[in-house]
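The lines below spell out each chain.
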Amino acid sequence: MREGIHPEYGPVVFRDRAADYAFLTRSTLSARAGGKTIEWEDGNTYPVVDVEISNVSHPFYTGTARVLDTAGRVERFERRYGKRGGA
C-alpha cells in the first residue's frame with residue numbers, strides 16, 4: 001500500500017442517541033469524530049460518533065415497521081380503472 005493516502009483505521013464508539021445504545025467497532029471515522037470522546041467499559045477512551053438511528057432503534061429491525069396494504073391498493077386501482085377483462 002502507498003503511504004499517506006489511506007485514512008486512519010481504528011477503534012470508534014458509535015452511539016445511537018434515540019435508543020441510548022452504543023457499540024465499539026473499528027472504522028475510518030475516528031478522525032471525523034470531531035474531538036468527542038467517551039470512556040468505554042474497558043476503561044479506555046475512544047472517539048465517539050453519534051448516529052441518528054441504528055439496528056436497535058430502526059423500525060425494520062425492531063419489528064415495528066408498517067406493513068403496506070398492497071391488497072387495498074390493488075382493489076382501489078381496480079375500482080378506479082376497472083378490472084381487466086379476459087386473459
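First things first, this report covers the structure right here in the doc. If you're wondering where the values come from, they're calculated on a predicted model, not measured in any experiment.

### Some details on the environment of Asp-50
(1) Moving on: Along the chain, Asp-50 falls in strand 4 (residues 45-51).
(2) Moving on: With a relative accessible area of 29%, Asp-50 lands in the partly exposed category.
(3) Moving on: Considered as a pair, Asp-50 and Ala-18 are 32 residues apart in the sequence and their alpha carbons are 9.9 Å apart.
(4) Moving on: Apart from the residues lying within four places of it in its own chain, the contact partners of Asp-50 are Arg-15, Arg-17 and Lys-36.
(5) Moving on: Among the polar contacts made by the side chain of Asp-50, one reaches the side chain of Arg-15 at a distance of 2.7 Å.
(6) Moving on: A polar contact is formed between the side chain of Asp-50 and the side chain of Lys-36, at a distance of 3.0 Å.

### Here's the deal with the sheet that holds strand 2 (residues 21-27)
(1) Moving on: Taken together, four strands build an open sheet; the order of strands is 2-1-4-3 and the sheet is mixed. The sheet is open, and its two borders are formed by strand 2 and strand 3 (37-39), each paired with just one other strand. Here the average twist between neighbouring strands, direction ignored, is 45°.
(2) Moving on: Here strand 3 runs beside strand 4; their pairing, made up of three bridges, is antiparallel.

### Remarks on the pairing of strand 2
Within a regular strand, the side chains alternate between the two sheet faces.
(1) Moving on: Note that strand 1 (residues 10-16) and strand 2 share seven bridges and pair antiparallel. Residue pairing for strand 2: Gly-10 is matched across the bridge by Ser-27.

### Observations concerning the nonpolar core
Most often, soluble globular proteins keep nonpolar side chains buried together rather than apart.
(1) Moving on: Val-13, Ile-38, Trp-40, Tyr-46 and Val-48 form the largest nonpolar core, which has five residues in total.
(2) Moving on: In this structure Trp-40 touches Val-13, Ala-22, Phe-23, Leu-24 and Tyr-46, once residues within four positions along its chain are discounted.

### Quick word on the packing of aromatic side chains
(1) Moving on: Within this structure, the stated rule accounts for three aromatic pairs.
(2) Moving on: Relative to Phe-23, the ring of Phe-14 lies with its centre 5.8 Å away and its plane at 20°, an arrangement referred to as stacked.
(3) Moving on: The exposure class assigned to Phe-23 is partly exposed, which follows from its relative accessible area of 29%.
(4) Moving on: What links up through ring pairs into an aromatic cluster is the set Phe-14, Tyr-21 and Phe-23.

The rules behind the values
- Residue positions are counted from 1 within each chain, in the order its sequence is given.
- With the structure being a predicted model, the display of local features is reserved for residues of pLDDT at least 70 and the display and counting of side-chain atom pairs for 80 or more, all residues being used for whole-chain, interface and lining totals.
- As a rule here, side-chain values cover all heavy atoms of the structure and leave hydrogens and water aside.
- Numbering goes from the N terminus for both helices and strands, where a helix is a DSSP run of H or I of at least four residues and a strand is a run of E of at least two.
- In this scheme, a residue with accessible area under 20% of its type's maximum is buried, one over 50% is exposed, and one in between is partly exposed, where area comes from a 1.4 Å probe on protein chains only.
- Note on contacts: a residue pair qualifies if any of its non-hydrogen atoms lie within 4.5 Å across the two residues.
- Each polar contact in these results corresponds to two N or O atoms within 3.5 Å; when the atoms are within protein, one needs to be able to donate a hydrogen and the other to accept it, and residues that are neighboring in sequence are counted only if both atoms are side-chain atoms.
- A pair of strands is considered paired only if DSSP assigns at least 2 bridges between the two.
- Interaxial angle, 0 to 180 degrees, is taken between N-to-C directions of lines fitted to C-alpha atoms, where a helix line uses only the stretch in contact.
- Nine residue types can take part in a nonpolar core, namely buried Ala, Val, Leu, Ile, Met, Phe, Trp, Tyr and Cys, and a core is a set of them joined through side-chain atoms within 4.5 Å.
- Classification of ring pairs rests on two measures: the distance between centres of Phe, Tyr or Trp rings, Trp counted by its six-membered ring, which must be within 6.5 Å, and the angle between planes, read as stacked under 30 degrees, edge-to-face over 60 and tilted in between.

The values are spatial; any link to function lies outside them.
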